[in-house]
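Structure at a glance
Below are the chains, spelled out letter by letter.
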Protein chains: 2
Amino acid sequence: MTAMKETVATLAQELRVALGEEPADLYITNLKIIDVFTETIYSGNMVIKNGRIAAINPSWEVKADHVFDAEGRYAVPGFMDAHIHIEPTLLTPQALASVIVPWGTTVLFVDAMEIANVAGIKGLEALISHSDELPYRIYLEIPSRVPTAPGLETTGGVLGVEEVKELLKSNQAASLGELDPSKILGVREEYLAKVISAREQGKVANGHAIGLNWDQLNVYAAAGLSDDHESVTYEELVERLRLGIKALIREGSTERNVEALVRGAVEHHLPTENLLFCTDDKHVTDIAVEGHISYNIQKSIDLGLDPIKAIKMATINTSKHFRLDHLFGAITPGRYADFVLLDNLKTIKPVYVFKEGQLVAQEGKLTTEVKPEKFPEFLMETVHLSFNFKPADFAVKARGKSAKVNVINLYPDQIINNKTEEWLNIDSEQVQVDTEHDILKLAVVERYGKNGQVGVGYVRGFKLKSGALASSVSHDHHNIVIVGTNDQDMYLAAQEIARHQGGFAAVQDGKILGVLPLPIGGLMSPLPAEKVMEQLTSLNQVAKSMGCELPAPFMTLSFISLPTVPELGLTDHGLIDVLKHCQIKTVIETGS
Amino acid sequence: MTAMKETVATLAQELRVALGEEPADLYITNLKIIDVFTETIYSGNMVIKNGRIAAINPSWEVKADHVFDAEGRYAVPGFMDAHIHIEPTLLTPQALASVIVPWGTTVLFVDAMEIANVAGIKGLEALISHSDELPYRIYLEIPSRVPTAPGLETTGGVLGVEEVKELLKSNQAASLGELDPSKILGVREEYLAKVISAREQGKVANGHAIGLNWDQLNVYAAAGLSDDHESVTYEELVERLRLGIKALIREGSTERNVEALVRGAVEHHLPTENLLFCTDDKHVTDIAVEGHISYNIQKSIDLGLDPIKAIKMATINTSKHFRLDHLFGAITPGRYADFVLLDNLKTIKPVYVFKEGQLVAQEGKLTTEVKPEKFPEFLMETVHLSFNFKPADFAVKARGKSAKVNVINLYPDQIINNKTEEWLNIDSEQVQVDTEHDILKLAVVERYGKNGQVGVGYVRGFKLKSGALASSVSHDHHNIVIVGTNDQDMYLAAQEIARHQGGFAAVQDGKILGVLPLPIGGLMSPLPAEKVMEQLTSLNQVAKSMGCELPAPFMTLSFISLPTVPELGLTDHGLIDVLKHCQIKTVIETGS
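Below is a short write-up of the structure. The structure presented is a predicted model; accordingly, all values stated were derived computationally and were not measured. (Residues numbered from 1 in each chain as written. Chains lettered and ligands numbered in written order. Predicted model: local features only at pLDDT ≥ 70, side-chain atom pairs only at ≥ 80, totals over all residues. Heavy atoms only, no water.)

Before going further, it helps to spend a moment on the packing of helix α11 (residues 293–302) of chain B against helix α12 (residues 307–314) of chain B. All names here are of chain B. Viewed as axis vectors pointing N to C, α11 and α12 meet at an angle of 155 degrees, and their least axial separation amounts to 9 Å. With respect to each other, α11 and α12 are oriented roughly antiparallel. Crossing handedness for the pair α11 and α12: right-handed. Facing α11, whose interface residues are Ile293, Ile297, Ser300 and Ile301, α12 presents Pro307, Ala310, Ile311 and Ala314. Residues that form the contact of α11 with α12 fall into these classes: seven nonpolar, one polar and no charged. (Axes fitted to C-alpha atoms, helices over the stretch in contact; angles between N-to-C directions. Helix = DSSP H or I, 4+ residues; strand = E, 2+ residues; numbered from the N terminus. Parallel < 35°, antiparallel > 145°, perpendicular 65-115°, else oblique. Left-handed = near helix turned anticlockwise from the far one by under 90°. Contact = heavy atoms within 4.5 Å. Nonpolar A, V, L, I, M, F, W, Y, C, P; charged D, E, K, R; others polar.)

So this is what it looks like as structure tokens:
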């Protein structure tokens, strides 16, 4: 499965096969080949050597070590996800293979900003260190904002201009990862330096233009941000294209944009060459049921888009955007033999998936063994709580009888929140929670052994009646975030996570009710996909038994503290006013 | 006119203009903007700072140092020639500006293999050393075969694998220049190393797939050659696209392929995103009359191609192919303000041409002064004949009364030739010419001061009755090539060229009848375009007066000795059998 490094010797060998002078590794016969360049389909046979296509339909008699009869199936290039975060799947790249590859995905463009926030360059490198042994390819969108909120949060890793420049040099670096537009609209020079560094190395800079108006998009384009995956309406899509910004049409678990955008494109006969597909964030359970990028294609075809154009969006359009189209994205000589065999172009359900000329999946199952990765020790030990950490760190001290506090209020199914001010009782000079009105404590505990800071605020929406839930996944700093009804259980939950070096935990009355260990950077499990899904389902049940009605309480918990999503965030520094980009106090005033 | 280097400071300045916080350099109002992404036209205004577009149609009130009213004209991106050789125009890049820029050309992709054969890396660097002061951009296709026929010719410069690798690193290097397919079909490893070197640096490798069949095209594509400009029929075009090879549709002086190819594309509704335009070789006189890339567009529109699609072929398709689309090829923020204003989309005759936000041409004339380049001394002194060089070097010695010799026979209007065997008289142990049957001497005199070799053969087709014609332009080695009726005049012609350090010369009976000095590398004139054209016209008249009926005798002379075009070539080593790639004797046998 190891990716061949192109050398003069291997290339010469491929040419000799292409000339018919030497036998091929594999000869695939009886194909209907999708030609993404002329947008036609033709009957063909494929000659493969060293994992690359050496010839198609040669006139001479082919000799090959292996022959595979495709029985008239359609051959399409392997699918690509132009923008995905891996760590939120809770799976390692190895475990993820069994979920995505059977759906025909052969390339992921990964913004691994989570692991970078935890462990910097070394973390990124460790994540992909054996990716050439995977049955799919990983290219990195080098994280552009680690930390996301400098000065307002403690992270394990920091990627400054020099680190980003260095990372971009790698052959596996496809681009500069999605830049928060506020950095551009605020003309923050260190981020401009990162964009320039990518351009100088011939790589693109990704953006995410969430909610930007035309004037703001002008600035975004002027800065050299070349794509966006946040279009929700067709009008937004056209505005972006018009300004030279490619559009990644996203179909994730919550953000589902294919319907509106592709419908508009079909209705308006929009040229599709600057459209790509991505998932951004999609739950493994959703992928298992619906498909991965195959689902974006399927839905587009169902909406009336020409199947070849839909396939192009998932293949050659994407590899062209990242300037990797000489390697993959089409079924032609010189490119890797990464392709999918389909029974027809109406149902995008791969029968066979090949990567570099090797069968990697068949009828929904991997056909190749993917060895679990052994990650280096530093990445397995990223949770370092202070020796002085104690339940009293969660105390919110105030004098008087009651205190007016800032409260983070959840919106259902969204990562934004709104801020309210509420009165809470004070007892023994400590502000209390109010389970009756669902005002619980939210805390963030610094977990990198740097300063032991604990930020404490209040949150409404979890509806716990007792106990605490905790997570070492908390965007983007990934300290330990805990929601709870009492300091003791919150403390115990944090300690339980520390004991496992990361994970999700549920604690009630001093007892551990459940835990999902995520020891890899405190973000990912070493277990296979189905095991992790089982653990998560059972942990969600536990949270429900504690009174929490959220469909995915730990995902909600992981996003609620974000210091960059309005209105409030919470970090180890304390409560953050997102719009003002500054720290504010939890307790506003006290009453007697 | 100097190209801005992108820095954090300049980019920040552009963003502040895009935000409306600082005044722009230029504000262009009242445009109809061609949007190459949605393939639509919309009304707009353009805000320019530092030569780049900062914003389009901002909602705020624009403040700018200058305002230009486009009076409702169409704004299209500046045109690009995806493959051109500059030196055969006989003009410097500076002199060429007045010919091409008024036709809307703002970018040339230049394979400068001629100057590289004369002076290697230093020659290439000198050619483009002040190109950032030009009113158009030059990107280099780094010559992949210098010399073209290693071991069979002496050249001034050599570009081995290391030199090519080094040159490819430059920001001004767009690609590896067109590889002769024989090098690929012969699996010559040094050339594969050059291709890999380009790919490793994220650059494409150009090819020229002249006359290749499907099997050969497979090998060509497998080697990673990404484009071709030799399609003559629509069927050839489709074969290339199908194998992932982009097609440059050429309209030069002799090779005129737009009609057949674009007609086919229109008839078959071929997607055009992988089609580009080039001229390859086009005489300056033809450009002056017809246009440059503007003519490819014009002809395509006349053939029924959608004007926006035709414009895309000359703009964004080309910059995407060379992975420079973040810099130019569309009218969007962040890209250079290189554009052309047209009265309508039926007649591609630019009214105004802008490069980096500066008006560079208007109504067919440059509006900017282009200073003639002062090239370094080494490039002005490239003709070094041996001290021992003498008329007797042209003698073809043989004993007996007659000799059977190999003769190169010209085909009209083609660079290929055919080989015949002819009997010539011997006098004083020297084989004679036969002006009655138009069998003249052809000689190549090594001119780099390396070995003083003189290769002598025979040629039919020039029809000189007396005298000699000589040229220091002789593809691809560019030694002095001479056709003549007698050794004395041939010698004198070579000396006249040496006296001018390069050029074309006509000599008769010991008298210089005319000369066109080409002292820059022995290839180019320092004079302006119109002067050079005058000199050439007058010299062609002289040749005519000497009996030569060829329309462009010096161009024919410059190609006739090519050791890579069948059937015969002639170099300083001697006569070359092109198909066998070896030297052969001029005299086959003698008769008594």
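Turning our attention to the relation of the copies chain B and chain A. Overlaying chain B on chain A yields an RMSD of 0.1 Å, the required transformation being a rotation through 180 degrees with an accompanying axial translation of 0.0 Å. Such a combination of rotation and displacement between the chain copies is what one expects of a two-fold axis. Counting the interface residues of chain B, we find that 100% of their copies in chain A are interface residues as well, pointing to one common contact surface. (Least-squares fit on C-alpha atoms with pLDDT ≥ 70 in both.)

The next subject is the packing of helix α9 (residues 258–267) of chain A against helix α11 (residues 293–302) of chain A. All names here are of chain A. Where α9 meets α11, the closest approach of the two axes is 9 Å, and the angle between their N-to-C directions is 45 degrees. Taken together, the axes of α9 and α11 are oblique relative to one another. For α9 against α11, the interelement crossing comes out right-handed. For the pair α9 and α11, contact is made by Val258, Glu259 and Val262 and by Asn296, Lys299 and Ser300, respectively. Tallied by class, residues from the contact of α9 with α11 come to two nonpolar, two polar and two charged.

With that settled, the discussion passes to the interface of chain B and chain A. If you look at the interface, chain B gives 62 residues, while chain A gives 62 residues. Between chain B and chain A the total buried area reaches about 5,600 Å² when both faces are included, carbon and sulfur atoms providing 54% of it. Looking at the side of chain B facing chain A, the largest losses of area belong to Arg199, Arg242 and Arg323 of chain B, adding up to 13% of the total buried there. Applying the counting criterion to the chain B and chain A interface returns ten salt bridges. Inspection of the chain B/chain A interface yields 25 residue pairs in polar contact (both at pLDDT 80 or more). Contributing elements (two or more residues each) for the side of chain B that touches chain A: α1 (8–18), β2 (40–49), β3 (52–56), α5 (181–185), α6 (189–200), α7 (214–222) and α8 (234–242) of chain B. (Buried area = accessible area lost by both parts, 1.4 Å probe. Salt bridge = Lys/Arg side-chain N within 4 Å of Asp/Glu carboxyl O. Polar contact = N/O pair within 3.5 Å; in protein donor to acceptor, adjacent residues only side chain to side chain.)

Before going further, it helps to examine the side chain of asparagine 409 of chain A. Residue and element names in this part refer to chain A. Within the secondary structure, asparagine 409 sits in strand β17 (residues 402–410). Asparagine 409 gets classed as buried once you look at its relative accessible area, which sits at 8%. Looking at asparagine 409, its side chain comes within polar contact range of the side chain of threonine 420, at 2.7 Å. (Buried < 20%, exposed > 50% of the residue type's maximum accessible area, 1.4 Å probe, protein only.)

Our focus in this paragraph is the sheet that holds strand β28 (residues 582–584) of chain B. Residues and elements named next belong to chain B. Taken in spatial order, the three strands make up an open sheet running β26-β27-β28, and their pairing is antiparallel. With one partner strand each, in any of the chains shown, β26 (568–571) and β28 form the two edges of the open sheet. Looking at each pair of strands side by side, their axes are set apart by 45 degrees on average, direction ignored. Summarising the sheet, β26 and strand β27 (residues 574–577) pair through four bridges and their orientation is antiparallel. Paired with threonine 571 across the bridge in β27 is glycine 574. (Pairing = 2+ DSSP bridges.)

A separate point is the packing of aromatic side chains. All names here are of chain B. Within this structure, the stated rule accounts for 18 aromatic pairs over all chains. Summarising the aromatic geometry, the rings of tyrosine 139 and phenylalanine 328 are spaced 5.7 Å apart at their centres and angled 55 degrees between planes, so their arrangement reads as tilted. Taken together, the residues span a long stretch of sequence, with tyrosine 139 in strand β7 (residues 137–142) and phenylalanine 328 in the loop between α13 (316–321) and β13 (339–342) at a distance of 189 residues. Tyrosine 139 sits in the buried class, given a relative accessible area of 10%. (Phe/Tyr/Trp six-rings, centres within 6.5 Å; stacked < 30°, edge-to-face > 60°.)

All names here are of chain A. Examined against the element boundaries, glutamate 239 turns out to sit in helix α8 (residues 234–242). Judged by relative accessible area, which is 27%, glutamate 239 ranks as partly exposed. Filtering out sequence-adjacent residues up to four positions away, glutamate 239 remains in contact with Trp214 and Leu217.

Moving on, we get to unusual backbone geometry. In this structure, proline 147 of chain B follows valine 146 of chain B across a cis peptide bond, with omega equal to 0 degrees. Turning to its location among the elements, proline 147 of chain B is positioned in the loop between β7 and α4 (161–168). Going from proline 566 of chain B to glutamate 567 of chain B, the amide bond is cis rather than trans, its omega being 0 degrees. Take glutamate 567 of chain B: it is sitting in the loop between α17 (553–560) and β26. In this structure, histidine 269 of chain A takes a positive phi of about 50 degrees despite not being glycine. Mapped onto the fold, histidine 269 of chain A is located in the loop between α9 and β12 (275–278).

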